[in-house]
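# Residue-level structural notes
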Amino acid sequence: MATTVAAPAYAPAHSEEATGLWSWLTTVDHKRIGILYLFTSLFFFVWGGVEAAIIRAQLAAPNLNVVSADTYNQIFTMHGTTMVFLAIMPLSAAFFNLLIPLQVGARDVAFPRLNAFSYWIYLLGGIFISLPVFFHAAPDGGWFGYTPLTTKAHSPGINIDFWVIGLQILGISTLAASFNFITTIVNMRAPGMNMMRMPMFTWNTFVVQFLVLLAFPVITIALQFLIFDRFFGTNFYTTAAGADPLLWQHLFWIFGHPEVYILILPAFGLVSEVIPTFSRKPIFGYPVMVYATVLIGFLGFGVWAHHMFSVGMGPIADSVFSLTTMLIAIPTGVKIFNWISTMWGGALNFTTAMKFAVALVGMFTVGGISGVMHSSPPADLQQTDTYFIVAHFHYVLFGGSMFGLFAGVYHYFPKFSGRLMSEKLGNWSFWIMFLGMNLTFFPMHYSGLLGMPRRIYTYDADQGYTLFNQLSTLGTTILIVGIALTLHNLGRSWRKGERAGNDPWGAGTLEWSIPSPPPDYNFAELPNVTSRYPLWDVKAPELTREVPHTEAGDRRLGIGGPQAVTNGHEMGEVHVNPTAGSAHAGEGAPVMANAAASARRLPTAKELGIPMPNPSIMPLVCATGVVVMFCGLLFLGKSMATGVGIMILGALWWVASLYNWLTTPLEDAH
Amino acid sequence: MSALPLAALRQAVAPQSALRAGGPEAEQIGLLWNVLLVVGTAVTVGVLAFLAYALFRRRGDADETQGDRRMRAGVRWMVAGGVVLPIVVLMPILVLTMRTLGAVTLPSRTVASADEPPAPGEFVVEVTGRQYWWEVRYRARRPDLEFETANELRVPVGRRVVVRLRSRDVIHSFWVPGLQGKMDLVPGRTNALVFTAARPGRWRGQCAEFCGAQHAKMAFTVVAEPAAEWQAWAARQRADARPPADPATRAAQGAFLNSGCVLCHAVRGTPARGDAGPDLTHLASRLTLAAGTLPNTRGHLTGWVADPQSIKPGSLMPSVPLEPRTLHAIVRYLETLD
């Protein structure tokens, strides 16, 4: 294949008209990829929720037989795996995709086709790891997959193969996305958008991508060792051959603890956008928030062994990890007080998004404090691997991550759909979820203290924790109703929600300055940014009096243009989108449905002379090849020739499509 | 925390509760836990109250005009709440943590000498985790005083017990919440923990690290009894199985020895030397069957021998089809092993 191939395998850019299935399969538009991420991850969230419901049904009373022991072990393994890798992380990725280019003032991510590749790998990997549950062959070694239980000697079935290969596939997706977003944030910020003017969500994303970059190689190595042990007979984790089973635990948790922050920081970022918007105040202590986020990222790498107090590391190691764990209370405490200070004296508007954001602050406090209790090894040794821990991390992951992500869904739905979600349904959904969440997880503190270990498929009545299990199961049914309401709200609003207009919430950051949904090129003219809240500078300058508006840097850049002096500080000219200019009228109204602006036809990228990346099927083809290659491993046991054959086929497949991808120009010449 | 669950908690009789200390180690941990609970609850309630106040306080004119003062107040709150509060609260907790850690953990030197016989005056029990039961070996300075049992730890009241923890297959975790925190049994390593039962009684323990299909049914009992009773019990346990006293029992023993049972189980004093399952020499003296799964009664024993896979599916004991006569003979023999 020549590099000067004349008829490339991509369609010309008509993305504004293209809505068919093919356009979704070939899209490289970060907003459409974000929407794919959003709905796929919500699907897996429901999937993981069904698994949770089965768990709670089984534990609703002593000695129930809703599912067998074997099935239960598969279900709880997949509940954890699904929620962590297929629901919360990709839901965060949905927001990275939807928001990062908009927030930094870019037209797309740095590598649009790599971005599509990340999504397709995620989808195929998710299907790969989820399907075996229908054949009673789902992974059954826990989401943490401790060796030697997961080695071939103790888990000879195909179950763990799906887990170890599936995670390896999903890791490719996450790592590719991390390169992409780091590059986007470093290189593609609009003129004047210096690091200390980036929105908090962008900052949190930035830190998360570095956590991914540093933590995922570790799990990759750990999984690779396990793959070699299981398929090629090496002895990385074979105790009989002198291996130390703690190698896996150290590798897993050096990844696993940063993973906790990979799950929570995007939610922190979202509420750091929601709270200022609905308090009508800039985020309090912005630089401190930034440093706290970075510090959490750093400290997150120094605490992994607090997951391992029970392995017998000795009092000295225990004390050191106890101390480093306690230190994390400082940056997180700072964040909580900064959110409260942001709300203090603000003109609060309790939209659904705001309720979820405030609930995050409260629920994360509860989960954070029980986390501090676990930092003390003697106390932790009574609590680890019991339902007390289950309560703790569900406060953090449901009350924290999921509430923050729901806040993001309600807040940003108008931006990417052009329509508002129903506040009435949202309000019901929030309160039902809030009640259900607390009723599900608070009693688990008691079950744990009364001695209920995790991951048991049944228990006896005389254990004395039946009542608390019944409360948890009752709470789960309530929680399901609340989640169903939000999903219904999403589907309904997607089709017939009220038109949103550019800026329904009166927010201050760049993404709200452009139409909803944004045109494929996002910004007709790249904005010049002069402060952290460029839109408030124009629409509500009184809100940004206390935000620094330095000009030295902007002068060096030769941007800023004619400067206006408002309220004693200098304010550069904020870009005016040719199509969105009128949307700046009516400032300050918390909800303004600017139907006229959205309904007007937007000029296409071509008309504006903006080169946009062309759609391409190659990311999907390439991702499929990667998955086929990994599938070959599954056949090795049956027949060496078949397995190797499939692997070679898959490798040729993805290398060829990658070659095609790399030799096809990203965009048409203009 | 509302009053209702607390009241329910007080009434709950939970044999595996971490909240009722049975000895000095558990008491030390309990003290630390109480401090953490009180401080943690106070901080949580305080932060939540502050959050609620920030949400619902009346917005004053000051909020509009005194931006600088508001900013300074916010910084003070941030420093006080986010930096000073955690340090002031956590420093004493860290100190208490280290003191407790020192008091309830064995120094590493004890762990290092794991293979050796106990030091003079030391009471050592070696517990080996197996899928899904506990092999219990009482160590002694004289080899003839050592003996083996399963799924049950009998200890003298007031005696400081060192438990050496090992595993033959995967990672398990030894946890008797009423006496000590948990400690993992890691293949290739020997861990150790120490506990003291301050009064006679029974404490339930359970595996706390997921170890496979029947992780849920891998429990055991710690029984503390006065020293004299313990001595008598130990003397019986050391002895070989009682030989059959009458022809019927002799026939029953024959049925047992001719069955597949002996491939996995040992009965000291007979040719049965299997090592894959629990030692059955004094099975009838134990409180439970199948690692805390069933009370040790004739009915349960018969059910268990007949079809373990329906009671503990995935356990390593196979369900072997037995003639009713053989089954009852085996059960009859096992019942004599007291």
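Fair warning: this is a prediction, and the values are worked out from it, not measured in the lab.

## Section: the overall build of chain A
Helices and strands together make up the secondary structure of chain A, namely 21 helices and two strands. A total of 670 residues make up chain A; the buried ones form 65% of that total. Pairs at least 24 residues apart make up 81% of the contacts formed inside chain A by residues separated by at least 6 positions. Surface exposure of chain A reaches about 21400 Å², of which carbon and sulfur atoms provide 70%.

## Here we look at the side chain of Thr26 of chain A
Here Thr26 of chain A lies in helix H1 (residues 21-26). With near-sequence residues (within four places) excluded, Thr26 of chain A lies in contact with Pro615, Ser616 and Ile617 of chain A.

## Quick notes on the pattern of salt bridges
One pass over the structure, following the stated rule, counts 21 salt bridges over all chains. Notably, a salt bridge pairs Lys539 of chain A with Asp503 of chain A, separated by 2.4 Å at the nearest N-O pair. Within this pair, whereas Lys539 of chain A is found in helix H16 (residues 534-539), its partner Asp503 of chain A is found in the loop between helix H15 (466-496) and H16, the two being separated by 36 residues in sequence. Each of the two residues, Lys539 of chain A as well as Asp503 of chain A, counts as buried. A salt bridge links Arg166 of chain B to Glu126 of chain B; its shortest N-O distance comes to 3.7 Å. Of the two residues, Arg166 of chain B sits in strand S5 (residues 160-167) while Glu126 of chain B sits in strand S1 (residues 123-130), which places them 40 residues apart along the sequence. Residue class for Glu126 of chain B comes out buried when judged on its relative accessible area of 9%. Salt bridges sharing common partners tie together Glu126, Arg137, Arg139, Glu146, Glu148 and Arg166 of chain B.

## Some words on the interface of chain A and chain B
On the chain B side, the residues contacting the 86 residues of chain A number 83 residues. Carbon and sulfur atoms supply 71% of the area that chain A and chain B bury against each other, a total of about 7000 Å² over both sides. Of all residues in chain A, the largest losses of buried area upon contact with chain B belong to Phe337, Trp344 and Gln382 of chain A, amounting jointly to 11% of the total for that side. Counting every contact that joins chain A to chain B gives two salt bridges. One salt bridge connects Arg455 of chain A with Glu209 of chain B, and the closest N-O pair in it is separated by 3.9 Å. Along the contact surface separating chain A from chain B lie 14 residue pairs in polar contact (both at pLDDT 80 or more). For the side of chain A that touches chain B, the secondary structure elements donating two or more residues are helix H3 (69-104), helix H7 (246-279), helix H9 (315-327), helix H10 (329-343), helix H11 (352-374), helix H12 (377-383), helix H14 (423-449) and H15 of chain A. Here the element with the most residues in the side of chain A that touches chain B is H10 of chain A; it accounts for 10 residues.

## A short note on the domain arrangement of chain A
All names here are of chain A. By the assigned domains, chain A splits into domain 1 (21-496) and domain 2 (618-663). The C-alpha-based centres of domain 1 and domain 2 are spaced at 30 Å. Counting from both sides, the interface comprises 19 residues of domain 1 and, opposite them, 13 residues of domain 2. Together, Arg113, Phe117 and Leu124 form the three largest contributors to the area buried by domain 1 at its contact with domain 2, with a combined 32%. On the surface where domain 1 and domain 2 come into contact, there are zero salt bridges. For the pair domain 1 and domain 2, the interface holds one residue pair in polar contact (both at pLDDT 80 or more). Mapped by element, the contributors of at least two residues to the side of domain 1 that touches domain 2 are helix H4 (112-130), helix H5 (159-187) and helix H6 (200-232). Top element by residues in the side of domain 1 that touches domain 2 is H4. It accounts for eight residues. Taken together, the residues of the side of domain 1 that touches domain 2 sort by class into 16 nonpolar, one polar and two charged.

## Details of the sheet that holds strand S7 (residues 183-185) of chain B
All names here are of chain B. One open sheet accounts for five strands, arranged S4-S10-S9-S6-S7; its pairing is mixed. This sheet does not close on itself; its edge strands, each paired only once, are strand S4 (152-156) and S7. Averaged over all adjacent pairs, the angle separating strand axes in this sheet is 25 degrees, with direction ignored. Across six bridges, strand S9 (residues 201-207) lies against strand S10 (residues 219-225) in antiparallel orientation. Counted as the bridge partner of Gln206 is Ala219 from S10. Running at roughly 135 degrees to S4, helix H6 (residues 227-238) makes contact with S4 and S10 of the sheet.

## Here we look at the sheet that holds strand S2 (residues 133-138) of chain B
All names here are of chain B. As summarised here, the arrangement of the five strands in space is S3-S2-S1-S5-S8, forming an open sheet in which the pairing is mixed. For this open sheet the edge positions go to strand S3 (147-150) and strand S8 (191-196), each flanked by a neighbour on one side alone. For this sheet, the mean inter-axis angle between neighbouring strands, taken without regard to orientation, is 25 degrees. Across four bridges, S2 lies against S3 in antiparallel orientation. What sits directly across from Arg137, in S3, is Glu148.

## Topic: the state of the cysteines
Within this structure, the stated rule accounts for zero disulfides over all chains. Cys622 of chain A takes part in no disulfide bond, and the closest cysteine sulfur to it belongs to Cys631 of chain A, at a distance of 15 Å. With relative accessibility at 2%, the residue Cys622 of chain A sits in the buried group. Free of any disulfide, Cys261 of chain B has its nearest cysteine sulfur in Cys264 of chain B, 8.8 Å distant.

## Structural notes on the environment of Pro313 of chain B
With respect to the helices and strands, Pro313 of chain B occurs in the loop between helix H9 (308-311) and helix H10 (324-335). Judged by relative accessible area, Pro313 of chain B falls into the partly exposed class, the value being 33%. C-alpha of Pro313 of chain B to C-alpha of Gly74 of chain B: the two residues are 239 residues apart in sequence and 60 Å apart in space. With residues up to four places along the chain from it excluded, the contact list for Pro313 of chain B reads Tyr457 of chain A together with Ala213, Gln214 and Pro308 of chain B.

## Observations regarding unusual backbone geometry
The bulk of non-glycine residues show a negative phi, and the bulk of peptide bonds are trans. Residues and elements named next belong to chain A. In this structure, Pro148 follows Thr147 across a cis peptide bond, with omega equal to 5 degrees. Here Pro148 lies in the loop between H4 and H5. Look at Asn63: it is not a glycine, yet its phi comes out positive at around 55 degrees. Tracing the backbone shows Asn63 in the loop between helix H2 (30-58) and H3.

## Quick notes on the domain arrangement of chain B
Interfaces are often sized by the amount of accessible area the parts lose when they come together. Residues and elements named next belong to chain B. For chain B, the assigned domains are domain 1 (24-104), domain 2 (110-237) and domain 3 (247-335). For domain 1 and domain 2, the distance between their C-alpha centroids amounts to 40 Å. Across the boundary between the two partners, domain 1 contributes five residues, which contact eight residues of domain 2. Three residues stand out in domain 1 for area buried against domain 2, namely Pro24, Glu25 and Ala26, and they jointly supply 71% of the buried area on that side. One can count two residue pairs in polar contact (both at pLDDT 80 or more) joining domain 1 with domain 2. When the residues that make up the side of domain 1 that touches domain 2 are grouped by side-chain class, the tally is four nonpolar, no polar and one charged.

## Let's talk about the packing of aromatic side chains
Residues and elements named next belong to chain A. Counting across every chain of the model gives 76 aromatic pairs over all chains. Pairing Tyr412 with Trp512 gives two aromatic rings, centres 5.3 Å apart and planes at 20 degrees, and the pair type is stacked. Of this pair, Tyr412 sits in helix H13 (residues 387-417) while Trp512 sits in the loop between H15 and H16, placing them 100 residues apart in sequence. The same class applies to Tyr412 and to Trp512, which are both buried. Three or more aromatic residues link up through ring pairs in this structure, and these residues are Phe85, Trp143, Trp163, Phe216, Phe225, Phe236, Tyr237, Trp248, Phe252, Trp253 and Phe255. The aromatic ring of Trp24 is capped on one face by Arg32, whose charged end is 4.1 Å from the ring centroid.

## Considerations on H6 of chain B
Residue and element names in this part refer to chain B. Between its first and last C-alpha atoms H6 spans 16 Å; for 12 residues at 1.5 Å apiece the expected length is 16 Å, and the two agree. When H6 is considered as a whole, its buried residues turn out to be Trp230, Trp233, Ala234 and Gln237. Across the axial projection of H6, the buried residues extend over an arc of 100 degrees, all falling on one side. Among the structural elements, S1, S2, S3, S4 and S10 are those in contact with the buried residues of H6.

## Things to note about the nonpolar core
The biggest cluster of nonpolar side chains holds 233 residues, and the ones touching the most others in it are Trp339 and Phe398 of chain A together with Val127, Leu153 and Phe174 of chain B. Here this core takes 21 residues from H3 of chain A, the largest share from any one element. Excluding anything up to four places from it in sequence, Phe398 of chain A contacts Phe45, Phe393, Phe403, Met433, Met437, Phe441, Leu479 and Ile483 of chain A. Listed in part, the 23 residues of the second largest apolar core include Val267, Ile330, Tyr333 and Leu334 of chain B.

Definitions and limits used
Residues numbered from 1 in each chain as written. Chains lettered and ligands numbered in written order. Predicted model: local features only at pLDDT ≥ 70, side-chain atom pairs only at ≥ 80, totals over all residues. Heavy atoms only, no water. Helix = DSSP H or I, 4+ residues; strand = E, 2+ residues; numbered from the N terminus. Buried < 20%, exposed > 50% of the residue type's maximum accessible area, 1.4 Å probe, protein only. Contact = heavy atoms within 4.5 Å. Areas by Shrake-Rupley, 256 points an atom, 1.4 Å probe, with all protein chains shown as cover. Salt bridge = Lys/Arg side-chain N within 4 Å of Asp/Glu carboxyl O. Buried area = accessible area lost by both parts, 1.4 Å probe. Polar contact = N/O pair within 3.5 Å; in protein donor to acceptor, adjacent residues only side chain to side chain. Domains from an automatic or database assignment. Nonpolar A, V, L, I, M, F, W, Y, C, P; charged D, E, K, R; others polar. Pairing = 2+ DSSP bridges. Axes fitted to C-alpha atoms, helices over the stretch in contact; angles between N-to-C directions. Disulfide = S-S within 2.5 Å. Phe/Tyr/Trp six-rings, centres within 6.5 Å; stacked < 30°, edge-to-face > 60°. Lys NZ or Arg CZ within 6 Å of the ring centre and 35° of its normal. Expected span 1.5 Å × (residues − 1). Arc of directions from axis to C-beta. Core = buried A, V, L, I, M, F, W, Y, C linked by side-chain atoms within 4.5 Å.

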